[in-house]
Amino acid sequence: MKEEALAQVKALLHQSGLKAKRSLGQHFLVDEDVLECILSAAELSYKDVVVEVGPGLGVLTKRLAEIVSEVIAVELDSRLVSMLKRKLASSPNAKIIHADILRVTPRQLLEDYLATPELARNYKVVANLPYYITSPVIHHFLVASLRPSLMVIMVQKEVGEAIAAAPGRMSLLSVMTQSYSKPTIITHVPARSFYPSPKVDSVVLRLDVYSKPFVEVANIENFFDIVSCGFSAPRKQLRNSLARALGISGSQVASLLEEAGIEARRRAETLSLSEWKELWGIFAPFRR
C-alpha cells in the first residue's frame, strides 16, 4: 500500500512539474495506515469543520472533504495552491486558501471562508504540519480568540514528546500547550512514511483543547512571561534563573519561592502547572 502511495505521489509531482521544497518543510505522507490513524484520532463527522495547515499534495485534504462538512486548507506555496485547486475541483466543500497561516487569525479565516459561519464555534485542526512552524502554529491556534475544539497534528517526534511531557521534563512549550489542552501521542511515524524522507521520525499528536485554560489567571500573558523567566536558564535552579530574569536578588527569590511552597533549588522543568500558578501569584508584580 505504501509503495503504491509513493508511486502516486511521485507521479503527481512529475505531472505537475513540482519538487518538494525542503525550505518549506515539504515532506508528503505516503503511508495510508498513518493517514487513517489521523482521521480516526480526529473523530470526524459530517457536521465538522476542519482547518488544515499545509495541505501539500492534498492527500489528507481529499479524505477530509469526503467526511466533513467543510475543509479550509491553508497553503503558503503558490505552486501547490494551483495544483490543489485543480485536484479538488470536484470537492466544493474544500476551500484552498493561499495564505500564511500565521498572518491570519482563525476567526478571520473561518468567518471569511465558511459558507455557514456559525459552524466555526466547534472547528477542528487536522494537519501534517511543516516542522519549522510547528510551535508557532500550535501557539497561534491555542491563544486565539476562537480556539479549535481539537487538534490532530503530525509533528516531529522530539517536539511531540516535549509537548506531552510530565513534570520533570517540562519545557516552556509543554507548559503553554498543556495550559490550553490535553496532549496525547497517538502513534509514532517513521521517517520512511514520507517522501522525501525527513531526517527525523514523527508522531501523530492529539490536543483536546479546553474551553477555558487549565491555569486560570487574571493575566495569561503575564503568567507566561513569568514562566519564560523560569525557563530563561533551564539548567539552573529556579532561584538563579528567576533572580537573573527578574533583576532581583537570589535571597529575595528564595524567600518568595518558600512563600509559594516551592523549593528554591528545583529546576523549571520539574514544576507542575499548578505550581506555576502558585509561583505566578507571587512573582507577577515584578513583571507589570
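Rules used in this analysis
- Residues numbered from 1 in each chain as written.
- Predicted model: local features only at pLDDT ≥ 70, side-chain atom pairs only at ≥ 80, totals over all residues.
- Heavy atoms only, no water.
- Helix = DSSP H or I, 4+ residues; strand = E, 2+ residues; numbered from the N terminus.
- Rg over C-alpha atoms; globule rule 2.2 N^0.38 Å.
- Buried < 20%, exposed > 50% of the residue type's maximum accessible area, 1.4 Å probe, protein only.
- Areas by Shrake-Rupley, 256 points an atom, 1.4 Å probe, with all protein chains shown as cover.
- Lys, Arg positive; Asp, Glu negative; His and termini not counted.
- Charge placed at Lys NZ, Arg CZ, Asp CG, Glu CD.
- Pairing = 2+ DSSP bridges.
- Axes fitted to C-alpha atoms, helices over the stretch in contact; angles between N-to-C directions.
- Contact = heavy atoms within 4.5 Å.
- Right-handed = clockwise from strand over helix to strand, strands pointing away.
- Arc of directions from axis to C-beta.
- Core = buried A, V, L, I, M, F, W, Y, C linked by side-chain atoms within 4.5 Å.
- Salt bridge = Lys/Arg side-chain N within 4 Å of Asp/Glu carboxyl O.
- Phe/Tyr/Trp six-rings, centres within 6.5 Å; stacked < 30°, edge-to-face > 60°.

1. Re the overall build of the protein chain
Next up, step 1: Assigned secondary structure in the protein chain consists of twelve helices and nine strands.
Next up, step 2: Rg of the C-alpha trace for the protein chain: 21 Å, near the compact-globule value of 19 Å for 288 residues, within the 12% margin.
Next up, step 3: Considering only C-alpha atoms, the protein chain reaches an extent of 65 × 40 × 30 Å along its principal axes.
Next up, step 4: Buried positions account for 50% of the 288 residues belonging to the protein chain.
Next up, step 5: Accessible surface, the protein chain: about 13,700 Å² in total, of which carbon and sulfur atoms supply 48%.
Next up, step 6: Separation of charge centres in the protein chain, based on 35 positive and 30 negative side chains, amounts to 5 Å.

2. Topic: the sheet that holds strand E6 (residues 150-156)
Next up, step 1: In spatial order, the strands read E4-E3-E2-E5-E6-E9-E7; together these seven strands make up an open sheet with mixed pairing. Lying at the two open borders of the sheet, with one neighbouring strand each, are strand E4 (94-98) and strand E7 (181-189). Pairs of neighbouring strands in the sheet enclose a mean axial angle of 20 degrees, with direction left out of account.
Next up, step 2: Inspection of the sheet shows strand E2 (residues 49-53) paired to strand E3 (residues 70-75) by five bridges, in the parallel sense. Pairing of Glu52 across the sheet is with Ala73, part of E3.

3. Some thoughts on the environment of Lys157
Next up, step 1: As for its position among the elements, Lys157 is in helix H7 (residues 157-163).
Next up, step 2: Taking the C-alpha atoms as reference points, Lys157 and His188, 31 residues apart in sequence, are found 7.3 Å from one another.
Next up, step 3: Setting aside anything within four residues of it in sequence, one finds Lys157 in contact with His188, Asp201, Ser202 and Val203.

4. Section: the pairing of E2
Next up, step 1: Burial analysis of E2 places five of its five residues in the buried class, the great majority of the element.
Next up, step 2: Burial of the side chains of E2 extends over both faces: Val49, Val51 and Val53 are buried on one face and Val50 and Glu52 on the other.
Next up, step 3: After leaving E2, the chain enters helix H3 (residues 59-67) and then returns to the sheet as E3, a path that is right-handed.

5. Quick word on helix H5 (residues 106-113)
Next up, step 1: Of all the residues in H5, the buried ones are Pro106, Leu109 and Leu110. Projection of H5 onto a plane perpendicular to its axis shows the buried side chains occupying an angular sector of 90 degrees, all on one side.
Next up, step 2: Buried residues belonging to H5 abut E2, E3 and helix H6 (134-142).

6. So, the nonpolar core
Next up, step 1: One finds Ile153, Trp276, Leu279 and Phe283 to be the most contacted residues of the largest nonpolar core, which totals 64 residues.
Next up, step 2: It is helix H12 (residues 273-283) that contributes the most residues to this core, six residues altogether.
Next up, step 3: If we ignore the near neighbours within four places in the chain, the residues touching Trp276 are Val175, Phe223, Ile226, Val227, Gly230, Phe231, Leu238, Ala268 and Leu271.
Next up, step 4: Counting residues in each nonpolar core, the second largest holds 22 residues, with Ala42, Leu44, Leu60 and Val189 among its members.

7. Concerning the pattern of salt bridges
Next up, step 1: Within the structure shown, the criterion is met by 13 salt bridges.
Next up, step 2: Between Asp48 and Lys124 there is a salt bridge whose closest N-O contact spans 3.3 Å. With Asp48 in the loop between helix H2 (32-41) and E2 and Lys124 in strand E5 (residues 124-128), this residue pair connects regions lying 76 residues apart in the sequence. Side by side, Asp48 and Lys124 carry an identical accessibility label, which is buried.
Next up, step 3: As a salt-bridge pair, Arg265 and Glu263 come within 3.2 Å of each other at their nearest N and O atoms.
Next up, step 4: Linked by salt bridges that have partners in common, Glu36, Lys62, Arg63 and Glu66 make up one network.

8. Description of the packing of aromatic side chains
Next up, step 1: Counting across every chain of the model gives six aromatic pairs.
Next up, step 2: Ring geometry for Tyr180 and Phe224: centres 6.1 Å apart, planes at 25 degrees, overall stacked. Pair noted here: Tyr180 is in helix H8 (residues 172-180) and Phe224 is in helix H9 (residues 220-230), with a separation of 44 residues, a long-range link. Residue Tyr180 shares its accessibility class with Phe224, and that shared class is buried.
Next up, step 3: One aromatic cluster in this structure is built from Tyr180, Phe223 and Phe224.

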